[in-house]
Amino acid sequence: MTLMQLEYIMEIYHCGSMNKAAQNLFVSQSAISTAIKELEEELGISIFVRSNRGISLTEEGQEFIAKIHPLLQQAKEVSLFYSGKNGPINNRLYISTQRYPFCAKAFVEFLKKQNDPFFRYGFKECPMGKVIEEVHNGKSDLGIIFLSDITEVFLSKLFDSKNLIFHEMKRLRPHVFMNKEHPMAQKQEISLVELKNYPFVIFSKKEESSLNFSEEAVLSQNIEYSQIIYVNDRATAYNIIAHTTAISTGSGVLPEGYYDPRISAIPLAAPVCDMCIGWISRKEERLSKKAKEFVEILEDQIKKY
């Protein structure tokens, strides 16, 4: 079985005619017919039914088309990616980030500026440990995370061991997220002790048990929560906070249009560790033009707060 045979079959399927498929592929009809016959004999199946009305798929053929379609798509992806014709390698960018709405906004602003005929961009929200591994393994070009005074030493050693470098953007006072009708919603600041009185929403992190990897800004503090709600995505967290007295913590950077308007963010009162927001990349590896473009947009976003 060859890729060429699979392409022949798919073209016949799309055209509904072996003659038309041969014309589109610039090969003879006899060449296509021979290739299909050899494949059918090799696999022991009948793919097409030939009649005076044209050509159609058998039941086995329908199943075969479903199986080869993703293979042909992947082959096309590989060909496009490594082809120098459209320069796709220069038009790719993969980002991993902890669940920050300002990162989503930066990515959208980045997309608005793109007008390339071919590109491959990816944006993934995941736990801190996953962000670090994605960048370390080369699956992402850069990752956005935060450090605190408590976790900075541990994470700095981890970055060194994985040949990563952290680029600080800004230090921010952590905020408490709550719905606008919450009993604490009118406060100017909220103390750490007050957090214990309400259910605390936490992004679950099966990959890491250490608090050094927590996404919630105050989990590294010496506080015990009696009520904890585990979630996996921002939308669920927002809905829970918007409809209950549950709270959570984070950077407080909530760009308009990228968070639930029913939620407000109130700064935590001292003493509390600041959040150091930044991005990580692989050492001794220059950022691509697209990565630099995204970082500039991201830094502009965070500097507004």
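Going by the structure above, here's the rest.
Now for a quick tour of the structure. Predicted model, so just to flag it, every value in this text is computed and none were measured. (Residues numbered from 1 in each chain as written. Predicted model: local features only at pLDDT ≥ 70, side-chain atom pairs only at ≥ 80, totals over all residues. Heavy atoms only, no water.)

### A look at the overall build of the protein chain
Alright, step 1. Looking only at helices and strands, one finds nine helices and twelve strands in the protein chain.
Alright, step 2. The C-alpha atoms of the protein chain give 27 Å as radius of gyration, which overshoots the globular expectation for 305 residues (19 Å, by more than 25%).
Alright, step 3. Considering the protein chain as a whole, with its 305 residues, one finds that 48% of them fall into the buried category.
Alright, step 4. Within the protein chain, residue pairs in contact and separated by at least 24 positions form 76% of the contacts whose partners lie at least 6 positions apart.
Alright, step 5. Summing over all exposed atoms, the protein chain offers an accessible surface of approximately 16,200 Å²; the carbon and sulfur share of this is 49%. (Helix = DSSP H or I, 4+ residues; strand = E, 2+ residues; numbered from the N terminus. Rg over C-alpha atoms; globule rule 2.2 N^0.38 Å. Buried < 20%, exposed > 50% of the residue type's maximum accessible area, 1.4 Å probe, protein only. Contact = heavy atoms within 4.5 Å. Areas by Shrake-Rupley, 256 points an atom, 1.4 Å probe, with all protein chains shown as cover.)

### Structural notes on the side chain of Q114
Alright, step 1. As for its position among the elements, Q114 is in the loop between α5 (101-112) and β4 (120-125).
Alright, step 2. A residue is classified by how much of its surface remains accessible, and Q114, at 11% relative accessible area, is buried.
Alright, step 3. A distance of 3.1 Å separates a polar atom in the side chain of Q114 from a polar atom in the side chain of Y121.
Alright, step 4. Those residues in contact with Q114, other than ones at most four positions away along the chain, are Y121, K290 and E293. (Polar contact = N/O pair within 3.5 Å; in protein donor to acceptor, adjacent residues only side chain to side chain.)

### Looking at the pattern of salt bridges
Alright, step 1. Under the defined criterion, the tally for this structure stands at 14 salt bridges.
Alright, step 2. Across the salt bridge formed by E134 and K130, the nearest N and O atoms sit 3.6 Å from each other. Of the two residues, E134 and K130 both sit in helix α6 (residues 128-136), four residues apart, roughly one turn of that helix.
Alright, step 3. On the accessibility criterion, E134 (4% relative accessible area) is buried.
Alright, step 4. With its nearest N and O atoms 3.7 Å apart, the salt bridge here joins R173 to D274. Residue R173 is located in the loop between β6 (164-172) and β7 (175-179), and its partner D274 is located in the loop between β11 (263-267) and β12 (275-282); the two are separated by 101 residues in the primary sequence.
Alright, step 5. A relative accessible area of 27% places D274 in the partly exposed class.
Alright, step 6. Put simply, K124, K130 and E134 are held in one network by salt bridges that share partners. (Salt bridge = Lys/Arg side-chain N within 4 Å of Asp/Glu carboxyl O.)

### Let's talk about the state of the cysteines
Alright, step 1. One pass over the full model with this rule turns up zero disulfides.
Alright, step 2. Cysteine C103 shares no disulfide, and the gap to the nearest cysteine sulfur, in C126, comes to 11 Å.
Alright, step 3. Accessibility expressed as a relative area gives 0% for C103, which makes it buried. (Disulfide = S-S within 2.5 Å.)

### Quick look at the packing of helix α1 (residues 3-15) against helix α3 (residues 29-43)
Alright, step 1. Running from amino to carboxyl end, α1 crosses α3 at an angle of 110°, the nearest separation of the two axes being 10 Å. The orientation of α1 relative to α3 falls into the category roughly perpendicular. Considering only the axes of α1 and α3, their crossing is left-handed. Of α3, the residues touching α1 (which contributes Q5, L6, Y8, I9 and I12) are A31, I32, A35, I36, E38 and L39.
Alright, step 2. Residue classes in the contact of α1 with α3 are distributed as nine nonpolar, one polar and one charged. (Axes fitted to C-alpha atoms, helices over the stretch in contact; angles between N-to-C directions. Parallel < 35°, antiparallel > 145°, perpendicular 65-115°, else oblique. Left-handed = near helix turned anticlockwise from the far one by under 90°. Nonpolar A, V, L, I, M, F, W, Y, C, P; charged D, E, K, R; others polar.)

### A closer look at the nonpolar core
Alright, step 1. Formed by 25 residues in total, the largest nonpolar core has its most connected members in Y100, F102, L142, I144, I277, F294 and L298.
Alright, step 2. Every element with two or more residues in this core is listed here: β3 (92-97), α5, β5 (142-147), β6, β12 and α9 (289-303).
Alright, step 3. Looking at this core element by element, the count peaks at six residues for α9.
Alright, step 4. When sequence neighbours within four positions are dropped, the list of residues in contact with L142 reads Y94, I95, S96, V135, W279, I280, L287, A291, F294 and V295. (Core = buried A, V, L, I, M, F, W, Y, C linked by side-chain atoms within 4.5 Å.)

### Some words on helix α7 (residues 152-161)
Alright, step 1. If you check which residues of α7 are buried, you get L155, L158 and F159. The arc that holds every buried residue of α7, seen down its axis, measures 100°, which confines them to one face. In α7, those exposed residues whose orientation departs by more than 90 degrees from the buried face are V153, K157, D160 and S161.
Alright, step 2. Residues of α7 that are buried make contact with α6, β5, β6 and β12. (Arc of directions from axis to C-beta.)

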